Structure formats: C-alpha cells, structure tokens
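# Coordinate analysis (summary)
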Amino acid sequence: MVRVLDLTFVREERDGTVSVIELADSEVAEQFERVLGDEFDLLSDEDLETVAQGLAPESSALVLVWENAWATRLASAVRESNGQVLFMERVPRDGVERAVAALAEK
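For the structure given in this document, a descriptive report is provided here. These figures come from a predicted structure and were not determined experimentally.

Here is what the cut-offs are and how they apply
Residues numbered from 1 in each chain as written. Predicted model: local features only at pLDDT ≥ 70, side-chain atom pairs only at ≥ 80, totals over all residues. Heavy atoms only, no water. Helix = DSSP H or I, 4+ residues; strand = E, 2+ residues; numbered from the N terminus. Areas by Shrake-Rupley, 256 points an atom, 1.4 Å probe, with all protein chains shown as cover. 1 Å grid on protein atoms, 1.4 Å probe; cavity = no way out; pocket = protein on both sides within 12 Å on 5 of 7 lines; lining within 4 Å. Points joined across faces, edges and corners; volume = space filled by probe spheres on them. Nonpolar A, V, L, I, M, F, W, Y, C, P; charged D, E, K, R; others polar. Patch = residues over 30% accessible without salt bridge, like charges linked within 9 Å, V, L, I, M, F, W, Y side chains within 5 Å. Salt bridge = Lys/Arg side-chain N within 4 Å of Asp/Glu carboxyl O. Lys, Arg positive; Asp, Glu negative; His and termini not counted. Charge placed at Lys NZ, Arg CZ, Asp CG, Glu CD. Pairing = 2+ DSSP bridges. Axes fitted to C-alpha atoms, helices over the stretch in contact; angles between N-to-C directions.

## Points about the overall build of the protein
Of regular secondary structure, the protein possesses 4 helices and 3 strands. Reading the helices (α) and strands (β) of the protein from amino to carboxyl end gives β-β-α-α-β-α-α. Total accessible area on the protein is roughly 8500 Å²; 54% of this is exposed by carbon and sulfur atoms.

## Regarding the layout of surface pockets
By volume, the largest pocket is sized at about 230 Å³. Lining the largest pocket we find Asn68, Trp70, Ala71, Leu74, Ala75, Val85, Phe87, Met88 and Arg90. At 4 residues, helix 3 (residues 69-80) tops the list of elements feeding residues into the lining of the largest pocket. Counted by class, the lining of the largest pocket contains 7 nonpolar, 1 polar and 1 charged residues.

## Re a negative patch on the surface
Among the surface-exposed residues, Asp41, Asp45, Glu46, Asp47 and Glu49 lie close enough to one another that they form a single negatively charged patch. Mapped onto the elements, glutamate 46 comes out in helix 2 (residues 45-53).

## Quick notes on the sheet that holds strand 3 (residues 59-68)
Taken together, 3 strands build an open sheet; the order of strands is 2-1-3 and the sheet is antiparallel. This sheet does not close on itself; its edge strands, each paired only once, are strand 2 (18-22) and strand 3. Averaged over all pairs of adjacent strands, the angle between their axes in this sheet comes to 20°, without regard to strand direction. Bridge analysis of strand 1 (residues 2-12) against strand 3 gives 10 bridges, and the strand direction is antiparallel.

## Some words on the pairing of strand 2
Relative to strand 2, strand 1 runs antiparallel, the two being bridged by 5 bridges. The residue of strand 2 that forms the bridge with glutamate 12 is valine 18.

Keep in mind that these numbers describe shape and distance, not what the molecule does.
Structure, rendered in structure tokens:
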C-alpha cells in the first residue's frame, strides 16, 4: 500500500513551451480527491523545471511523490520495540525482474 503525497503532470510542447498541471488546480482537483487524503506541496518549481528540461518536445511526465504506508507501520513497530533501522536500500526493477526470471528457470 502506498499513499500519494504529491502528483504533478509536466508537458513540453513542440515549441518548447512547458505546461504544468498540479493537483490543486481546479480543473483536476476534484478527480483526484478519491486518490489523495491530505495534499502536500512537496514538488518545488525547481524540481518541475528539472523534469521539464529532461523532456523531449511533445512529451510529458508524471511526477509522483509517494509514501510506502507499510514501511511507516514497520518503522513505527521497530521504534516501539527499541530497535532501529541500520540499512535500507531499494532494489531497481530490472534487478528484481532478473531475479524472478532466474527463479523461473530453475
């Protein structure tokens, strides 16, 4: 389970014009009420400019900030038992896919 914290659409037109649609914008806010609880404005203008600079003309990106709800509960349980997380690392998707494929071959 995840909780969506912030979500923004960025689009670059053929002429280089960049448009941004944020969740707070009235034309989309109502449609996303069901997906979001509290809305946080975590994506800065600088973040979105960086995304826009990486876009090819006539392309778009969805910029998403989420919280792993299960991890929040796990971290809370660890703290309540006087434990601490010493190391955490994300495994890239391609690594997971290779591992699953290797298991399927056995």
